[in-house]
Amino acid sequence: MNMRSKIGFIGAGLALALAGCNGSSSGTATAGGGNATAANNSSLPLVAFSQANSQDPWRQVFDKDTKAEAAKYTSDMQFEEQEAEDDVNKQVGVIDTFMVKKPKVLLVSPVTEAVQTEVEKAHDAGEFVILLDRSVPGTKWDVYVGGDNMAIGRQAGDQMGKLLNGKGTVLMIRGTADAKPTKDRGNGFMESMKKFPGIKVIVGDDCGYQRGKAQTFMENFLQQKQPFDAVYAHNDEMAIGAYQAMKAANTPKKVIIGIDGCQKEMIEHIKNGDIDATFMYPDPGPKGVDIADDFLKGKKPTDKNIFLPTEMVTKDTADAYEKEHPNLAG
Ligand code: FRU
């Protein structure tokens, strides 16, 4: 069964509800302090990092860890970061501006696959291009470092199948369309669903990986009174947003699964039984900076795709997970 065959039954009423997620893109605050220069020794080669956004909790951890790693190499590189507020055009502008400074290495966490042309431009200009978390099509980049989102999607599907005993309706709340993790998290999940013919999937709207948009989407969805048993959200922020909308509407408990595992708040929800599972989405920043430093020293990784491991977190493993990850975002 492919994804299309499962979307088929979405009615006109739902289409209206789905529109709730199509609001404007993310806010403009730079809570994570995404724009920074960690070192400024102009005789050293430049490693430039174009971050998709610095607003959401996962990226704030990502930014912090990346800067901390770069700070270890202040005698090897100058490190600069600029975030793009989830805006493709802004990211293109950021990379263009970086290119004027001729960085030796360009780290990019693309907003969407639409940044491909810009990535290729930098690669053609001789920059060593490392993609972090979100890949782009083609081969004109050097390394991808991040999670294996197909595998995560499949594991989320397997867990969903188990929690629903192979029967029910799942509402999938999607991340940014055209971002590779969104596609893979959706496709991996649908692949797993082939094992559970008794489960129907309602493919929800693009909620931009944002809590507020997912909350609004769920508020509208609940008004359609369409029965469902579970929510698969492409990240924890959206899982929490959906949970909050259901709680406010006194909706009976649904199975909820998210992805990221970087926030205390999510782990608390799992411990309380409000939310059923999440998957640790590995932070690719430090590894990306290490590869950049290796490159400056003449060493290149042998693999083009470097997939970092994930881990499922459930009520049974939440305490151990918290102990293993003492620096979860507040
Ligand atoms: C942050 C984020 C994470 C998610 C990742 C996917 O912008 O939305 O929550 O796991 O991007 O690229």
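On a predicted model such as this, the values are computed, not experimentally measured, just so you know.

Visitor: Which residues make up helix H3 (residues 57-71), and what are the values?
Guide: Here H3 contains 15 residues, and its C-alpha end-to-end distance of 21 Å stays within 8% of the 21 Å for a straight helix at 1.5 Å per residue. Pro57, Trp58, Arg59, Phe62, Asp63, Thr66, Lys67, Glu69 and Ala70 are the residues of H3 that are buried.

Visitor: Before we move on, could you go through the sheet that holds strand E10 (residues 255-257) and cite the residues and values that matter?
Guide: Here four strands make up an open sheet; going across it, the order is E8-E7-E9-E10 and the pairing parallel. The open sheet has two edge strands with one neighbour each: strand E8 (199-206) and E10. Adjacent strand axes in the sheet meet at a mean angle of 20 degrees, parallel and antiparallel pairs treated alike. Where strand E7 (residues 168-174) meets E8, six bridges bridge the pair, whose relative direction is parallel. Residue pairing for E8: glycine 168 is matched across the bridge by isoleucine 199.

Visitor: Describe the packing of aromatic side chains, naming the residues involved and giving the relevant values.
Guide: When we look at a pair of aromatic rings, we describe it by the centre distance and by the angle of the planes. The full count for this structure, using the stated rule, is nine aromatic pairs. Centroid distance phenylalanine 221 to phenylalanine 228: 5.2 Å. Interplanar angle 80 degrees. Geometry classified as edge-to-face. Judged by relative accessible area, phenylalanine 221 falls into the buried class, the value being 0%. Given a relative accessible area of 6%, phenylalanine 228 falls into the buried group.

Visitor: Outline the nonpolar core, supporting the account with residue identities and numerical values.
Guide: Of all hydrophobic cores here, the largest spans 58 residues; its most connected members are Ile130, Met160, Phe189 and Tyr232. Of the residues forming this core, the biggest block, five residues, is contributed by strand E5 (residues 128-132). Each of two domains, domain 1 (8-147 + 283-310) and domain 2 (149-280 + 313-324), supplies a minimum of three residues to this core. Apart from residues no more than four positions distant in its own chain, tyrosine 232 is found in contact with Gly153, Ala156, Met160, Val170, Leu171, Met172, Ile173, Arg185, Phe189, Ile257 and Ile259. Of all hydrophobic cores here, the second largest spans 30 residues; its members include Ile173, Met218, Val231 and Ile267.

Scoring rules and cut-offs
Residues numbered from 1 in each chain as written. Predicted model: local features only at pLDDT ≥ 70, side-chain atom pairs only at ≥ 80, totals over all residues. Heavy atoms only, no water. Helix = DSSP H or I, 4+ residues; strand = E, 2+ residues; numbered from the N terminus. Expected span 1.5 Å × (residues − 1). Buried < 20%, exposed > 50% of the residue type's maximum accessible area, 1.4 Å probe, protein only. Pairing = 2+ DSSP bridges. Axes fitted to C-alpha atoms, helices over the stretch in contact; angles between N-to-C directions. Phe/Tyr/Trp six-rings, centres within 6.5 Å; stacked < 30°, edge-to-face > 60°. Core = buried A, V, L, I, M, F, W, Y, C linked by side-chain atoms within 4.5 Å. Domains from an automatic or database assignment. Contact = heavy atoms within 4.5 Å.

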